[in-house]
Amino acid sequence: MTWNDIFLALFDKCIARFQSGDTDFGNYYTPADLAFLGEIGYQPRELFDFVEDFCGEGDPSISTALLVAAVRRDYFMTVQKGVRSDKKITANDIPTFGDELDGMAYLPRLIAKGRAKLRGEMDPDLMFDCGGDRRFLKNHGDIHPADFLRHVWAAGDNDQKIADWIKAQQA
């Protein structure tokens with residue numbers, strides 16, 4: 001099986017566990033599952049967060065979870081050369097909900113979370129593509145979270161480039 005097929009099968013397995021009432025994601029993964037997640041630069045909690053939101057809200061979709069994982073995997077393999085970062089970004093390390101960039105509240109926070117997601121540095125208590133992220137992206141041009149991540153990657157440290165791209169999506 002290809003990595004994406006393994007990811008989708010694991011996602012389905014986690015959905016079944018969650019829907020059976022097991023919300024302790026620590027029980028979800030076999031050693032082989034954990035090895036697979038490590039190979040694609042993913043953390044167990046990241047997958048669980050997508051499963052939990054999908055089961056509770058129907059969003060993000062399974063295809064969105066896969067596309068976001070693909071961006072993370074590409075970054076992990078291309079930029080990080082398969083080496084995990086040992087840094088963790090917590091809620092205290094990122095801008096607040098009300099911080100603005102180019103008149104857009106929440107954007108600095110979303111950019112910081114996007115960069116942390118790309119590098120695999122998200123603290124387990126943070127989630128990229130949480131409800132707030134999805135609302136922002138929906139209200140600013142109906143931007144897909146994987147597209148946002150790819151633009152964050154392409155922009156490097158240039159936050160204004162990201163803001164300009166988002167404004168262009170609203171036109």
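Refer to the preceding data block for the structure.
Here goes a summary of the coordinates provided. The model shown is predicted, which means the values in this text are computed figures rather than measured ones.

Procedures and definitions
- Within any chain, residue numbers begin from 1 and follow the written order of that chain's sequence.
- With the structure being a predicted model, the display of local features is reserved for residues of pLDDT at least 70 and the display and counting of side-chain atom pairs for 80 or more, all residues being used for whole-chain, interface and lining totals.
- Hydrogens and water are ignored here; the side-chain numbers use all heavy atoms of the structure.
- Put simply, DSSP H or I for four residues or longer makes a helix, DSSP E for two residues or longer makes a strand, and each gets a number counted from the N terminus.
- Think of it in three bands: with a 1.4 Å probe and only protein chains considered, a residue is buried below 20% of the maximum accessible area for its type, exposed above 50%, and partly exposed in between.
- Buried Ala, Val, Leu, Ile, Met, Phe, Trp, Tyr and Cys residues that are joined via side-chain atoms within 4.5 Å together make up what is termed a nonpolar core.
- Contacts are assigned to residue pairs that have any heavy atoms within 4.5 Å of one another.
- By convention in this document, the label disulfide applies to cysteine sulfur atom pairs within 2.5 Å.

1. A few points about the overall build of the protein chain
Helix and strand content of the protein chain: 8 helices and 2 strands. In the protein chain, the order of α-helices and β-strands from amino to carboxyl end is α-α-α-α-β-β-α-α-α-α. With respect to the principal axes defined by its C-alpha atoms, the protein chain has extents near 45 × 35 × 30 Å. Within the protein chain, buried positions represent 47% of all 171 residues.

2. Observations concerning the nonpolar core
Buried together is how nonpolar side chains tend to be arranged in soluble globular proteins. Of all hydrophobic cores here, the largest spans 52 residues; its most connected members are Phe-7, Tyr-42, Leu-47, Leu-107, Phe-148 and Ile-166. Looking at this core, the elements with two or more residues in it are helix H1 (3-19), helix H2 (31-39), helix H3 (44-57), helix H4 (62-78), helix H5 (107-119), helix H6 (131-139), helix H7 (145-155) and helix H8 (159-169). Those residues within four positions of Leu-107 in sequence are excluded, and the remaining contacts are Asp-99, Leu-101, Phe-136, Phe-148, Ala-163 and Ile-166.

3. Describing H6
Considered for burial, the residues of H6 that qualify are Gly-132, Asp-133, Arg-134, Phe-136 and Leu-137. Tucked inside the fold, the buried residues of H6 contact H3, strand E2 (104-105), H5, H7 and H8. Gly-141 sits one or two residues past H6 and shows a positive phi near 105 degrees.

4. Remarks on the environment of Thr-64
Within the secondary structure layout, Thr-64 lies in helix H4. Separated by 81 residues in sequence, Thr-64 and Pro-145 have C-alpha atoms that sit 7.5 Å apart.

5. A word on the state of the cysteines
The tally for this structure, following the rule as stated, stands at 0 disulfides. Cys-14 takes part in no disulfide bond, and the closest cysteine sulfur, belonging to Cys-55, lies 9.4 Å away. Residue class for Cys-14 comes out buried when judged on its relative accessible area of 0%. Exposure remark for Cys-55: the relative accessible area of 23% places this residue in the partly exposed category.

Remember that the coordinates give geometry; whether it matters functionally is a separate question.
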